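# Close look at the chain arrangement
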Amino acid sequence: MITVSLCMIVKNEEAVLARCLDSIKDAADEIIITDTGSTDSTKKIARKYTEKIFDFEWTNDFSAARNEAFSKATCDYQMWLDADDVVPPETLAKLLALKKTLDPAVDIVTMKYLTHTDADGNPLLYSTRERLLRRGKNFTWQDPVHECIALAGNILNTDMEIHHKKTKAGDPHRNLKIYQALEKSGKPFTPRQHYYYARELKDNGLWIPAAYRFEKFLDTKEGWSEDNIAACYNLALCYDVLGDRHKIFPILLKSFEYDSPRAEICCEIGYHYKREKNYAAALNWFRLAASLEKPDTLGFILQEYWGYIPNIEASICCWHLNDIEQARAFNERAAEIKPNSPAVKHNRDFFGTLNA
């Protein structure tokens with residue numbers, strides 16, 4: 001049976017640390033806490049679970065902190081979690097079983113990472129992340145923010161889930177400040193850093209520099225295909241806010257160069273035609289989005305676009321086209337995915353008035 005070192009970096013996480021550690025402690029043979037400057041009771045709480053608590057001076061570099069935590073590990077595999085992550089009971093059970101059966105030649109085990117959910121707990125955004133890493137491979141974290149480990153070797157993809165459950169808002173400008181400092185240092189950006197810097201600019205409402213960064217990232221022609229597709233999508237959103245709508249359609253179509261069509265892209269094209277009141281064309285794109293098979297990808301999945309949103313939008317288009325029967329049908333398909341959706345209920349009530 002393999003052994004697992006849980007390696008965490010923390011700072012002022014007294015509100016959530018126990019919740020996280022309680023959810024994973026039965027699967028961790030060793031717990032390593034690297035504290036980057038807590039001033040609350042984080043370390044006191046951590047001592048209830050482990051004696052392996054280390055101080056590490058924060059240097060605006062998440063990779064440096066994670067690599068420090070990994071360097072303390074002594075078990076067969078290193079596992080990482082953030083303090084506001086939770087391991088669901090079903091994942092814990094699967095992980096305990098995997099520890100007994102995992103081929104020690106496996107280098108990386110991936111798990112789904114659910115980062116956003118709706119009020120009913122349905123996933124809105126998730127990705128697939130490296131979660132268990134064979135210590136003997138000496139994997140190294142890269143990038144000061146949005147850090148990652150380059151996937152290499154024998155990889156086992158699983159359906160296990162880790163849930164990210166924030167209880168408080170962090171500094172919304174933290175990551176942006178790190179990128180701005182990196183830019184000020186004059187060190188050349190990698191394509192990946194261009195992409196994530198663009199995302200931080202967009203998330204902070206800096207639409208013009210965000211668009212510039214997304215364009216610069218795509219111009220490198222060196223990005224990961226999933227990041228390329230996401231850049232096209234986010235760039236279209238930037239153009240929309242900036243009023244450059246003539247640029248939206250071409251950048252959305254460009255995404256098809258990188259891989260199979262993605263539902264969010266097809267929906268945005270549908271919105272393009274919907275704004276023009278070309279409901280027949282819009283319907284075709286929403287119908288296409290609703291019919292797509294979700295890709296087996298390590299990239300981010302915008303879950304609501306894979307079924308719910310295109311069916312709701314197709315319902316609206318059918319109503320504009322005076323096809324009430326199809327409008328109801330699409331609305332009910334959306335209801336199968338999100339039965340408690342206010343939009344579904346509104347449409348049902350509205351369609352009911354048409355029979356009155």
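Considered for burial, the residues of helix 1 (residues 17-24) that qualify are Leu17, Cys20, Leu21, Ser23 and Ile24. Taken down its axis, helix 1 places every buried residue within 160 degrees of arc, on the same side. On its buried face, helix 1 sits against strand 1 (4-10), strand 2 (30-35), helix 2 (42-46), strand 4 (77-80), strand 5 (85-86) and helix 4 (89-101).

A few words now on the nonpolar core. Judged by nonpolar contacts, the single largest core of 104 residues is most densely connected at Leu6, Met8, Met79 and Leu132. Among the elements that line this core, the one with the most residues is helix 8 (residues 225-242), at 8 residues. When near neighbours in sequence (up to four residues on either side) are disregarded, leucine 6 contacts Leu21, Ile24, Ala28, Glu30, Ile31, Ile32, Met79, Trp80 and Leu81.

With that settled, the discussion passes to the pattern of salt bridges. Per the stated rule, a full pass over the model turns up 23 salt bridges. In this structure, arginine 262 and glutamate 226 form a salt bridge, with 2.8 Å as the shortest nitrogen-oxygen distance. Placement of arginine 262 in the loop between helix 9 (248-254) and helix 10 (263-275) and of glutamate 226 in helix 8 is noted, with a sequence separation of 36 residues between them. An identical accessibility class is assigned to arginine 262 and glutamate 226; each is buried. Taken together, the salt bridges that share partners define one network made up of Arg66, Asp82 and Glu147.

Attention now moves to the environment of aspartate 323. Checked against the element boundaries, aspartate 323 lands in the loop between helix 12 (308-320) and helix 13 (324-337). Considering only alpha carbons, one finds aspartate 323 and glycine 37, 286 residues apart in sequence, at a separation of 61 Å.

The next thing to look at is the side chain of aspartate 84. The topology assignment puts aspartate 84 in the loop between strand 4 and strand 5. With near-sequence residues (within four places) excluded, aspartate 84 lies in contact with Val16, Arg19, His163, His164, Lys165 and Lys166.

Summed over all chains, the structure comprises 0 disulfides. Left without a disulfide partner, cysteine 20 is nearest to the cysteine sulfur of cysteine 7, which lies 12 Å away. Cysteine 232 provides the cysteine sulfur closest to cysteine 238, a residue in no disulfide bond, and the two sulfurs are 12 Å apart.

Before going further, it helps to spend a moment on the layout of surface pockets. Counted as a void, the second largest pocket has a volume near 210 Å³. In terms of lining residues, the second largest pocket is bounded by Thr59, Asn60, Asp61, Asp143, Pro144, Ile178, Ala181, Leu182, Lys187, Pro188, Thr190 and Gln193. For the lining of the second largest pocket, the element with the most residues is helix 5 (residues 174-184), which contributes 3 residues.

Among the surface-exposed residues, Trp319, Phe350 and Leu354 lie close enough to one another that they form a single nonpolar patch of about 240 Å² accessible area. Examined against the element boundaries, phenylalanine 350 turns out to sit in helix 14 (residues 342-353). Taking the relative accessible area as the measure of exposure, phenylalanine 350 reaches 30% and is therefore partly exposed.

Structurally, the position occupied by arginine 213 is in helix 7 (residues 207-220). Accessibility expressed as a relative area gives 7% for arginine 213, which makes it buried. Sequence-distant contacts of arginine 213, defined by excluding residues within four places in its chain, comprise Glu183, Phe189, His194, Tyr197, Ala198 and Leu201.

Side chains on a regular strand alternate between the two faces of the sheet. Examined bridge by bridge, strand 5 and strand 8 (residues 155-164) share 2 bridges and lie antiparallel to one another. Bridge pairing in strand 8 links aspartate 85 to histidine 164. In terms of strand pairing, strand 6 (residues 108-117) meets strand 8 through 6 bridges, oriented parallel. Across the sheet, the residue bridging to lysine 112 is glutamate 161, located in strand 8.

About the criteria used
- Residues numbered from 1 in each chain as written.
- Predicted model: local features only at pLDDT ≥ 70, side-chain atom pairs only at ≥ 80, totals over all residues.
- Heavy atoms only, no water.
- Buried < 20%, exposed > 50% of the residue type's maximum accessible area, 1.4 Å probe, protein only.
- Helix = DSSP H or I, 4+ residues; strand = E, 2+ residues; numbered from the N terminus.
- Arc of directions from axis to C-beta.
- Contact = heavy atoms within 4.5 Å.
- Core = buried A, V, L, I, M, F, W, Y, C linked by side-chain atoms within 4.5 Å.
- Salt bridge = Lys/Arg side-chain N within 4 Å of Asp/Glu carboxyl O.
- Disulfide = S-S within 2.5 Å.
- 1 Å grid on protein atoms, 1.4 Å probe; cavity = no way out; pocket = protein on both sides within 12 Å on 5 of 7 lines; lining within 4 Å.
- Points joined across faces, edges and corners; volume = space filled by probe spheres on them.
- Patch = residues over 30% accessible without salt bridge, like charges linked within 9 Å, V, L, I, M, F, W, Y side chains within 5 Å.
- Areas by Shrake-Rupley, 256 points an atom, 1.4 Å probe, with all protein chains shown as cover.
- Pairing = 2+ DSSP bridges.

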